[in-house]
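Coordinates in review
Single-letter residue listing:
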Amino acid sequence: HICQKTKPEDVDVAGSAVFYASKDIRYLKGEEEYLLFSGNRNGEGRSVALIRNGKPVATLQVKATDVAPAPQYLPFRDEYLLTAGAFSTLRTMTRFDEAPTTEYPIVTMAGSGKIKREYVRPLFEKNHMAVDGFTFPYAKGTLIFVPARPKEGGGVYLSQGESIRRVWCVNTGKTLDRQCQATEGSMSPDGCHFAFYAKDSDDPKPPFAFGSSLKILPLCR
């Protein structure tokens with residue numbers, strides 16, 4: 001499931017997706033580099049350490065819930081994406097047994113173990129936009145996906161500093177067949193192209209899109 005060279009005891013584990021989600025280890029570069037959890041799994045004081053070549057490098061300033069089952073390396077930033085973000089200007093969200101919040105930030109980790117958190121909800125509030133969204137890093141900032149109709153603010157946005165702009169699902173006509181929903185999204189290694197499957201949304205000519213097709217969205221123009 002994780003496509004990594006693991007410690008011998010973790011090879012060929014049945015139900016690996018579930019196993020690694022609950023186990024006290026997250027592999028980064030196979031058995032050479034990984035995150036190791038310690039402490040009470042269901043209580044306070046649980047810590048996360050970066051281990052490289054069998055030696056601890058840093059204790060991360062994160063909670064265990066800030067780390068996804070399979071952290072992703074981002075070549076365009078030379079960082080690891082520990083978890084993507086989500087936000088809501090309409091309601092609160094609750095993850096596991098944590099307190100309700102209106103945003104879970106993008107959490108990334110540098111090779112030194114330094115943690116960075118990126119928030120975008122204040123930008124949408126500042127622009128008086130009532131939406132829910134999901135956030136991912138790209139080469140020049142943050143990509144935000146809002147799954148809603150075009151007139152409700154749906155689409156893909158790019159954020160750089162204090163600015164946001166919508167770059168996909170910008171045509172607000174023909175709202176009956178356009179939900180601005182995407183699946184199977186993937187960022188290119190250079191962080192400048194986003195590939196995803198969705199129904200046509202920005203071409204006003206087709207009257208209705210029956211099936212999804214592959215879109216490759218340039219982000220760094």
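Before reading on, note that the structure itself is shown above.
Residues numbered from 1 in each chain as written. Predicted model: local features only at pLDDT ≥ 70, side-chain atom pairs only at ≥ 80, totals over all residues. Heavy atoms only, no water.

When you go through the protein chain residue by residue, the secondary structure sums to two helices and 17 strands. Relative to its full complement of 221 residues, the protein chain shows a buried share of 43%. At a minimum sequence separation of 6, the contacts of the protein chain that also span at least 24 residues come to 43%. When the accessible surface of the protein chain is totalled, it reaches about 12200 Å², and 53% of it is carbon and sulfur. (Helix = DSSP H or I, 4+ residues; strand = E, 2+ residues; numbered from the N terminus. Buried < 20%, exposed > 50% of the residue type's maximum accessible area, 1.4 Å probe, protein only. Contact = heavy atoms within 4.5 Å. Areas by Shrake-Rupley, 256 points an atom, 1.4 Å probe, with all protein chains shown as cover.)

Next up on the list: the nonpolar core. Among the nonpolar cores identified, the biggest contains 21 residues, and Leu143, Trp168, Leu217 and Leu219 are the most heavily contacted of them. Of all the elements in the fold, those that place two or more residues in this core are strand 12 (141-146), strand 13 (155-160), strand 14 (163-168) and strand 16 (193-198). Broken down by element, this core gets its largest block of residues, three residues, from strand 16. Core analysis: the next-biggest nonpolar cluster, separate from the first, contains 13 residues, Leu28, Leu50, Val62 and Val107 among them. (Core = buried A, V, L, I, M, F, W, Y, C linked by side-chain atoms within 4.5 Å.)

The next subject is the pairing of strand 3 (residues 47-52). Where strand 2 (residues 33-38) lies against strand 3, six bridges are found, and the strand directions are antiparallel. Paired with leucine 36 across the bridge in strand 3 is alanine 49. Between the end of strand 3 and the start of strand 4 (residues 55-59), which pair antiparallel, lie two residues, with asparagine 53 showing a positive phi angle near 50 degrees. (Pairing = 2+ DSSP bridges.)

As a further point, take the packing of aromatic side chains. For the coordinates displayed, the defined rule picks out seven aromatic pairs. Ring centres of phenylalanine 124 and tyrosine 157 lie 5.4 Å apart, and the angle between their planes is 75 degrees; on these two criteria the pair is classed as edge-to-face. Of the two residues, phenylalanine 124 sits in helix 2 (residues 121-126) while tyrosine 157 sits in strand 13, which places them 33 residues apart along the sequence. Take tyrosine 157: its relative accessible area is 5%, and that puts it in the buried class. By way of ring pairs, the aromatic residues Phe145, Trp168, Phe194 and Phe196 are connected into one cluster. Here the guanidinium or amino end of lysine 29 rests over the ring plane of tyrosine 73, the centre of that ring lying 5.9 Å away. (Phe/Tyr/Trp six-rings, centres within 6.5 Å; stacked < 30°, edge-to-face > 60°. Lys NZ or Arg CZ within 6 Å of the ring centre and 35° of its normal.)

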